[in-house]
Amino acid sequence: GESVGLHLPTLSVQEGDNSIINCAYSNSASDYFIWYKQESGKGPQFIIDIRSNMDKRQGQRVTVLLNKTVKHLSLQIAATQPGDSAVYFCAERYGSSNTGKLIFGQGTTLQVKP
Amino acid sequence: EAGVTQFPSHSVIEKGQTVTLRCDPISGHDNLYWYRRVMGKEIKFLLHFVKESKQDESGMPNNRFLAERTGGTYSTLKVQPAELEDSGVYFCASSKRGRTDTQYFGPGTRLTVL
């Protein structure tokens with residue numbers, strides 16, 4: 001399954017399939033990008049991050065891809081599990097800023113069907 | 001290591017009343033952030049403390065909001081007087097040092113203004 005941009009609020013995938021959640025970021029000067037996962041009743045949980053001098057980074061079952069040409073970020077989850085059901089947020093930090101302020105996208109709800 | 005904690009978890013108040021939210025960052029984290037998520041919208045930055053100093057308060061909505069971090073440990077966010085549009089979930093996050101460090105979020109305080 002795949003979502004496009006920030007405007008597809010829900011993505012539904014079958015357990016065991018791979019998930020791809022996309023995000024279009026706003027500022028070409030952003031130097032740092034993060035994916036957070038938020039489960040119901042909890043705060044955002046860090047998943048993976050990537051700096052602007054990279055185009056790919058892998059974690060455990062997750063991969064983040066960064067395409068600076070089109071200002072696009074994606075999160076790939078391999079072998080999606082029911083525990084992956086949550087809202088996923090991408091966030092960026094402006095490189096020209098002297099603060100750690102994060103700019104969040106609207107979030108994509110991932111629903112995993114058993 | 002204990003995570004970021006927030007108190008209370010829920011607060012229901014009437015318009016015009018005052019509410020104070022508290023955040024305890026991860027021990028040793030100099031950077032503390034406040035964010036909020038209004039129903040159905042993205043998570044938005046409010047402000048950033050470095051120790052006890054306000055590094056960036058560009059996201060504070062208006063002068064009804066007052067954040068403090070006396071002694072550079074825990075922080076409070078006071079809303080006085082509360083308005084209906086202040087309802088939402090208020091998140092606190094902390095990072096060890098510098099704007100580039102990963103921000104770890106607390107569970108949030110759900111504020112409802114009636």
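Scroll up to find the structure this text is about.
Residues numbered from 1 in each chain as written. Chains lettered and ligands numbered in written order. Predicted model: local features only at pLDDT ≥ 70, side-chain atom pairs only at ≥ 80, totals over all residues. Heavy atoms only, no water.

Caption draft 1: Region of interest: the overall build of chain B. Per the secondary structure count, chain B includes 0 helices and 11 strands. Listing every helix and strand of chain B by position from the N terminus yields β-β-β-β-β-β-β-β-β-β-β. The C-alpha radius of gyration computed for chain B amounts to 13 Å, which stays within 12% of the reference 13 Å derived for 114 residues, consistent with globular compactness. Split into buried and exposed, the 114 residues of chain B put 46% on the buried side. Restricting the contact set of chain B to residue pairs at least 6 apart, pairs at least 24 apart contribute 52%. (Helix = DSSP H or I, 4+ residues; strand = E, 2+ residues; numbered from the N terminus. Rg over C-alpha atoms; globule rule 2.2 N^0.38 Å. Buried < 20%, exposed > 50% of the residue type's maximum accessible area, 1.4 Å probe, protein only. Contact = heavy atoms within 4.5 Å.)

Caption draft 2: Layout of the interface of chain A and chain B. Listed per partner, the contact involves 24 residues of chain A and 19 residues of chain B. On inspection of chain A and its partner chain B, the count reaches 0 salt bridges. The interface formed by chain A and chain B contains 4 residue pairs in polar contact (both at pLDDT 80 or more). Among the elements of the structure, β3 (30-38), β4 (45-51) and β8 (86-94) of chain A are those that each provide at least two residues to the side of chain A that touches chain B. When the residues that make up the side of chain A that touches chain B are grouped by side-chain class, the tally is 8 nonpolar, 10 polar and 6 charged. (Salt bridge = Lys/Arg side-chain N within 4 Å of Asp/Glu carboxyl O. Polar contact = N/O pair within 3.5 Å; in protein donor to acceptor, adjacent residues only side chain to side chain. Nonpolar A, V, L, I, M, F, W, Y, C, P; charged D, E, K, R; others polar.)

Caption draft 3: Looking closely at the sheet that holds strand β3 (residues 19-24) of chain B. Residue and element names in this part refer to chain B. Taken together, the 4 strands give an open sheet; going across it, the order is β1-β3-β8-β7, and neighbouring strands pair in antiparallel fashion. Of all the strands in the sheet, the pair left with one neighbour each is β1 (5-7) and β7 (65-68). Shown here is a sheet whose adjacent strand axes are inclined to one another by a mean of 15 degrees, direction ignored. Bridging between β7 and strand β8 (residues 75-79) involves 4 bridges; their strand directions are antiparallel. (Pairing = 2+ DSSP bridges. Axes fitted to C-alpha atoms, helices over the stretch in contact; angles between N-to-C directions.)

Caption draft 4: Region of interest: the sheet that holds strand β7 (residues 72-77) of chain A. All names here are of chain A. With respect to topology, 4 strands assemble into an open sheet ordered β2-β7-β6-β5, the strand pairing being antiparallel. The sheet is open, and its two borders are formed by β2 (19-24) and β5 (56-58), each paired with just one other strand. Ignoring strand direction, the axes of neighbouring strands in this sheet form an average angle of 15 degrees.

Caption draft 5: Looking closely at the state of the cysteines. The tally for this structure, following the rule as stated, stands at 2 disulfides over all chains. Note on cysteine connectivity: C23 of chain A is disulfide-linked to C90 of chain A, with sulfurs 1.8 Å apart. Taking the sign of the S-S torsion, about 50 degrees here, the bridge from C23 of chain A to C90 of chain A comes out right-handed. Within this pair, whereas C23 of chain A is found in strand β2, its partner C90 of chain A is found in strand β8, the two being separated by 67 residues in sequence. Owing to a relative accessible area of 1%, C23 of chain A belongs among the buried residues under this scheme. The side chain of C23 of chain B participates in a disulfide bridge whose partner is C92 of chain B; the two sulfur atoms lie 1.8 Å from each other. One quick way to see it: the torsion about the S-S bond of C23 of chain B and C92 of chain B is about -60 degrees, and its sign makes the bridge left-handed. Highlighted residues: C23 of chain B in strand β3 and C92 of chain B in strand β9 (residues 88-95), separated in sequence by 69 residues. (Disulfide = S-S within 2.5 Å.)

So yeah, pure geometry; function would need other evidence.
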